[in-house]
Amino acid sequence: PFPRRFLTSKEQFHAYLRAGGEEEEEKEEKEEKEEKEEEEQVSSAQSEPPAKRVKAEELGQDGESRGDAGEEEKERPEKKRARGQNKSRPCMKPSSYEQSRLCPSVTQGCAGQCHFGPRCRFLHDVSEYLAAKPADLGRRCVLFDTFGRCPYGVTCRFGRAHLGDGHQNLVNAALARQWEGKVLVRNSLSKELQQRLRKRKFSFRKAEEFLRALRGGKGGNASGGSAEVSNCTAPHEGLGDSPALQSSRGAPSIPTLGPLTDEDVTKLRPCEKKKLEIQGKLYLAPLTTCGNLPFRRVCKRFGADVTCGEMAVCTNLLQGQSSEWALLKRHHTEDVFGVQLEGAFPDTMTKCAELLNRTIDVDFVDINVGCPIDLVYKKGGGCALMTRSNKFEQIVRGMNSVSSEHLEPSWWSPVRPGLTFPPLQVLDVPLTVKIRTGVQEKVNVAHKIIPRIREWGASMVTLHGRSREQRYTRSADWEYIAECARVASPMPLFGNGDILSYEDANRAMQMGVSGIMIARQVRVGALIKPWLFTEIKEQRHWDISSSERFDILKDFTNYGLEHWGSDTQGVEKTRKFLLEWLSFLCRYIPVGLLEHLPQRINERPPYYLGRDYLETLMASQNVDDWIKISELLLGPVPPSFTFLPKHKANSYR
């Protein structure tokens, strides 16, 4: 679909980037020289890091490095097409981001209160730390400019923006007051909760009740069907149980004062549970690695209505792992937000649902029954649950049974006379399920499972139009998705797969689905073009310029520094996730270069020269060029830096 004037060969493509790169380096050197003349107080500048050494066999993209890019590449024998994850990639997480770290007590302005005293292995001398600290990366600190104060103080890699005499951390009091008392990010893991989880002192009362009924075979079936009833007209066990009756049955009694209310004697029936009203909205799928909070903020800005956190493993959450709980964090701009859980057994999934229902703020909880990777599938999770119907049913029923609970407000106490009992707080989180068409490529089973999922109590189903064997290759089967949407009615069903333009979205909505999910991986929508949400809402093709795309990367970088921090560790974490995203962004073909619109998600673009140097640089599939883009935003990479994307993503090689 390209005009001939834009097409080029691989050798000419990289030669153009090298020539442009040399001009850019000369320009940068000139700017640095002028900056040194203006800032006479700077005694020495940071030396450039040694050249990045990226082995050809580790690249997984073009197989080139800057050192051999000028040599003519010989024709390679045809190899088996790689797919999936780079399982053998080396560990790229550094053991330490800085050789000499400053003690957090010094950074927070309370150096005399270090709990470790003389045993502390971090530095307490600011001058000694600054002598070894790498040079600053810029003159502006996004945290200081946005919030009026940078919590990272002298460790900030943009410290010159807010450090005064004596390395004092300056504060913009007027700007800081505007943010006082505002919670920007919710769902953080507190130390108190983490300790309770690690010591197994968290009470899973409702989950244990369901599991006891499951083991005891209550209700006459192994799925614990008595825990939930899908028919509102059917009798429900436990209706009318007053606190006294509960006490006589061995359940702990709840002391109450005041008149008896309906909340005291009734329990939510399935038909009375909170409904998830997102029909017709644009849903950003949970994207492992790339679907982090800064990326979701970018998509929110372009019009995503519903966002979901990355897939979290329930066992890791129950153990109180900080890295897993970080996947649940919610930015205040995410007005409709959910989390996705992965697990293989009803005990852990039910307990995890109760834990999240009582500790975090979400609008829905999604069960991952679509993950195709071997690590999850072989343990019985993800797509494997579609073949384990009994466990699948127990998980859905169990999580649904603990997703609503009546709690007394924390301020109420039965020993305070004269108080009437206030309305009970109801925690009611809808449950959704994400599935595939089946496990085997030509054996679709989703249409048989979806009616049962509706009976088990799920509020919505999302169907990815591929099987596990297909993973993320071939085209999604939207005819089958339409058939499943009819079977699912009246339960909402969202379709997922091959959405890269507003025409694709319109065709999908004509299939009768309740909404569409914009997703990920080899056939990517949101990761290739996050402005896709704007195109769908405005019904147009956006010929976005390279400078506008670069501004999007700037926004992501600023969001990343806010989220992960502006110290060395935060900068390198931001760089890592930026590079992962760039491994997808390079597949976008600018609208202005296409003869026929729209771009198809399975089209493999040839080598082409963009309308300017930056557009061509962004089209490169060479790891070194991605690193170069990151250096334009976050400064030079550390010595001996290397990067290999998590996913091989070589369908466009």
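- Per an unreviewed UniProt entry, the recorded name for the protein is tRNA-dihydrouridine(47) synthase [NAD(P)(+)], and the organism is Hirundo rustica.
- Regarding the protein, the relevant UniProt record gives this comment under Cofactor (unreviewed entry): "FMN".

### Focus: the overall build of the protein
- The helix and strand inventory of the protein stands at 24 helices and 12 strands.
- Counting across all 653 residues of the protein, residues that qualify as buried make up 52%.
- Considering only contacts in the protein between residues 6 or more positions apart, those separated by 24 or more positions represent 72%.
- For the protein, the accessible area works out to roughly 31,700 Å², and carbon and sulfur atoms hold 48% of it.

### Brief notes about the nonpolar core
- Core analysis: the largest hydrophobic core is formed by 131 residues, its most contacted members being Ile-435, Leu-493, Ile-516 and Leu-553.
- At 8 residues, the largest contribution of residues to this core is made by helix 22 (residues 568–585).
- Per-domain counts for this core show at least three residues from each of domain 1 (101–186) and domain 2 (282–405 + 427–542).
- Residues Leu-102, Val-106, Cys-114 and Val-154 belong to the second largest nonpolar core, which totals 9 residues.

### Regarding the environment of Ser-514
- Along the polypeptide, Ser-514 turns up in the loop between helix 19 (502–509) and strand 12 (515–518).
- In this structure the C-alpha to C-alpha distance between Ser-514 and Met-491, which are 23 residues apart in sequence, comes to 9.1 Å.
- Apart from residues lying up to four places away in sequence, Ser-514 is in contact with Gln-279, Gly-280, Pro-492, Leu-493, Phe-494 and Met-509.

### With respect to the side chain of Arg-157
- Here Arg-157 lies in the loop between helix 5 (142–147) and helix 6 (173–178).
- Look at Arg-157: it is buried, it has no salt bridge, and the nearest opposite charge is Glu-572 at 5.2 Å.

### Some points on unusual backbone geometry
- Residue Pro-490 follows Ser-489 across a cis peptide bond; omega there is 10°.
- With respect to the secondary-structure elements, Pro-490 resides in the loop between helix 18 (478–488) and strand 11 (493–496).
- Omega for the bond connecting Leu-597 with Pro-598 falls within 30 degrees of zero, at -5°, which places this linkage in the cis form.
- Locating Pro-598 in the fold gives a position in the loop between helix 22 and helix 23 (613–618).
- Residues other than glycine seldom take positive phi values, yet Arg-200 does so here, at roughly 55°.
- By the secondary structure assignment, Arg-200 is in the loop between helix 7 (191–198) and helix 8 (205–216).
- Located in the positive-phi region is Asp-498, a residue other than glycine, with phi close to 65°.

### Some thoughts on the UniProt feature "domain: C3H1-type" (unreviewed entry) in the protein
- Using the residue numbers shown here, the UniProt feature "domain: C3H1-type" (unreviewed entry) corresponds to residues 97–127 and 140–165.
- For the annotated span residues 140–165, helix accounts for 23% and strand for 0% of the residues, and the straight-line distance between the end C-alpha atoms is 18 Å.

### What about helix 18?
- Within the span of helix 18, buried status applies to Trp-478, Tyr-480, Ile-481, Ala-482, Cys-484, Ala-485 and Ala-488.
- Structurally, helix 18 contributes buried residues whose contacts are with helix 17 (446–456), strand 10 (460–464), strand 11, helix 19 and strand 12.
- Where helix 18 begins, the side chain of Asp-477 points an oxygen toward the backbone nitrogen of Glu-479, at a separation of 3.3 Å.

### Describing the environment of Arg-436
- Tracing the chain through its elements places Arg-436 in strand 9 (residues 431–436).
- As for Arg-436 and Asn-368, which are separated by 68 residues in sequence, their C-alpha atoms are 9.9 Å apart.
- Looking at Arg-436, its side chain comes within polar contact range of the main-chain oxygen of Ser-467, at 3.0 Å.

### Observations concerning the packing of aromatic side chains
- Overall, the coordinates contain 12 aromatic pairs when judged by the stated rule.
- Aromatic side chains Trp-531 and Tyr-588 sit 5.0 Å apart centroid to centroid with 90° between the ring planes, which places their arrangement in the edge-to-face category. Placement of Trp-531 in the loop between strand 12 and helix 20 (532–538) and of Tyr-588 in the loop between helix 22 and helix 23 is noted, with a sequence separation of 57 residues between them. The residues Trp-531 and Tyr-588 share a single accessibility class, namely buried.
- Relative to Phe-577, the ring of Trp-564 has its centre 4.7 Å away and its plane inclined at 10°; by these criteria the two rings are stacked. With Trp-564 in helix 21 (residues 546–564) and Phe-577 in helix 22, this residue pair connects regions lying 13 residues apart in the sequence.

### A closer look at the environment of Gly-309
- Along the chain, the position of Gly-309 falls in strand 3 (residues 307–313).
- Expressed as a C-alpha distance, the spacing of Gly-309 and Arg-296, which sit 13 residues apart in the sequence, is 8.6 Å.
- Discounting chain neighbours no more than four positions away, the residues touching Gly-309 are Pro-286, Arg-296, Leu-327, Phe-337, Gly-338, Val-339 and Gln-340.

### Structural notes on the sheet that holds strand 3
- Strand order across the open sheet formed by 8 strands is 2-12-11-10-9-6-5-3, with parallel pairing between neighbours. Across the chains shown, the open sheet's two edge strands, defined by having one partner strand only, are strand 2 (282–284) and strand 3. For this sheet the average axis-to-axis angle between neighbouring strands, irrespective of direction, equals 25°.
- Bridging between strand 11 and strand 12 involves 3 bridges; their strand directions are parallel. Looking at strand 12, one finds that Phe-494 is bridged to Gly-515.

### Quick look at helix 7
- Burial in helix 7 covers these residues: Leu-193, Gln-194 and Leu-197. Seen from one end, helix 7 has its buried residues packed into an arc of 100°, which puts them on one side.
- Considering only its buried residues, helix 7 is in contact with helix 12 (314–318), helix 13 (322–325) and helix 14 (346–359).
- Taken from the residues just after helix 7, Arg-200 is the one with a positive phi, measuring 55°.

Parameters at a glance
Residues numbered from 1 in each chain as written. Predicted model: local features only at pLDDT ≥ 70, side-chain atom pairs only at ≥ 80, totals over all residues. Heavy atoms only, no water. UniProt positions renumbered as here; feature names shortened; annotations may be inferred. Helix = DSSP H or I, 4+ residues; strand = E, 2+ residues; numbered from the N terminus. Buried < 20%, exposed > 50% of the residue type's maximum accessible area, 1.4 Å probe, protein only. Contact = heavy atoms within 4.5 Å. Areas by Shrake-Rupley, 256 points an atom, 1.4 Å probe, with all protein chains shown as cover. Core = buried A, V, L, I, M, F, W, Y, C linked by side-chain atoms within 4.5 Å. Domains from an automatic or database assignment. Lys, Arg positive; Asp, Glu negative; His and termini not counted. Salt bridge = Lys/Arg side-chain N within 4 Å of Asp/Glu carboxyl O. Polar contact = N/O pair within 3.5 Å; in protein donor to acceptor, adjacent residues only side chain to side chain. Phe/Tyr/Trp six-rings, centres within 6.5 Å; stacked < 30°, edge-to-face > 60°. Pairing = 2+ DSSP bridges. Axes fitted to C-alpha atoms, helices over the stretch in contact; angles between N-to-C directions. Arc of directions from axis to C-beta.

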